[in-house]
Amino acid sequence: MATTSDIRNGLCIRYNNDIYKIVEFLHVKPGKGPAFVRTKLKSVTNGKVVDNTFPAGRKIDDVRVETHKFQYLYADGNTYHFMNTVDYDQITLQKEVLDAPDLLKEGEVVTVIINSEDSMPLSVEMPISVILEVTHTEPGVKGNTATNATKPATVETGARVNVPLFINEGDKVKIGTEKGNYLERIKE
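Residues numbered from 1 in each chain as written. Predicted model: local features only at pLDDT ≥ 70, side-chain atom pairs only at ≥ 80, totals over all residues. Heavy atoms only, no water.

A.B. asks: Looking at this structure, I do not really get the sheet that holds strand S9 (residues 90-94). What am I missing?
C.D. replies: Two orientations exist for strands paired in a sheet by backbone hydrogen bonds: parallel and antiparallel. The sheet built from five strands is open, its strands ordered S9-S8-S7-S10-S11 with antiparallel pairing. Unpaired on one side and paired on the other, S9 and strand S11 (121-125) mark the two borders of the sheet. Each strand axis lies, on average, 40 degrees off the axis of its neighbour in the sheet, ignoring direction. Note that strand S7 (residues 65-76) and strand S10 (residues 109-115) share seven bridges and pair antiparallel. Looking at S10, one finds that Thr-67 is bridged to Ile-113. (Pairing = 2+ DSSP bridges. Helix = DSSP H or I, 4+ residues; strand = E, 2+ residues; numbered from the N terminus. Axes fitted to C-alpha atoms, helices over the stretch in contact; angles between N-to-C directions.)

Put into structure tokens, the structure is as follows:
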């Protein structure tokens, strides 16, 4: 058993007969009244996100987890196939478990969080950013670097991302996986 002082991003807890991963949290100590912890929880079974407030010092039931590196192999509809990079065991996960499935490129290495008690995969942690090639966008115009204007672009995984006006088809761009936003153009 843990308490609210142990809450951190990525912690998995049992709450309302389900397992949730803490996406974000905020410890609040108001001037009047007791302290509390405001959290955003994501269900690892169905992907539903809920907001919850815990009173300070409350006991929470944390779930013991292990992390393993897995390589993304391919997708088959809503089923995604991964291979353990150590013992080459393969697992399949549903699309709802993944945070950003449209940014997964074949061969990408991700961290899979597995429940220690029953060896069930709980969630997948993507790298902070991925480098993808732009496959479709309107032609870029030279000199459009001063403004923050953007245009839609499709990358090699099929995801749609807003990119600056100077990006062309064939350019490689770095995309943040947390929000799915453009970070920078990669020059080779």
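A.B. asks: Quick question: what am I supposed to make of the pairing of strand S8 (residues 79-84) here?
C.D. replies: Taken residue by residue, a regular strand's side chains alternate between the two faces of the sheet. Of all six residues that make up S8, five are buried, and the element is covered over most of its length. The turn linking S7 back onto S8 is made up of two residues, and Gly-77 within it adopts a positive phi angle of 70 degrees. Both S8 and S9 contribute to a ladder of five bridges, which runs antiparallel. Across the sheet, Thr-79 pairs through a bridge with Gln-94, a residue of S9. Hairpin connection, S8 to S9: the antiparallel pair is bridged by five residues, and Tyr-88 has positive phi, about 65 degrees. (Buried < 20%, exposed > 50% of the residue type's maximum accessible area, 1.4 Å probe, protein only.)

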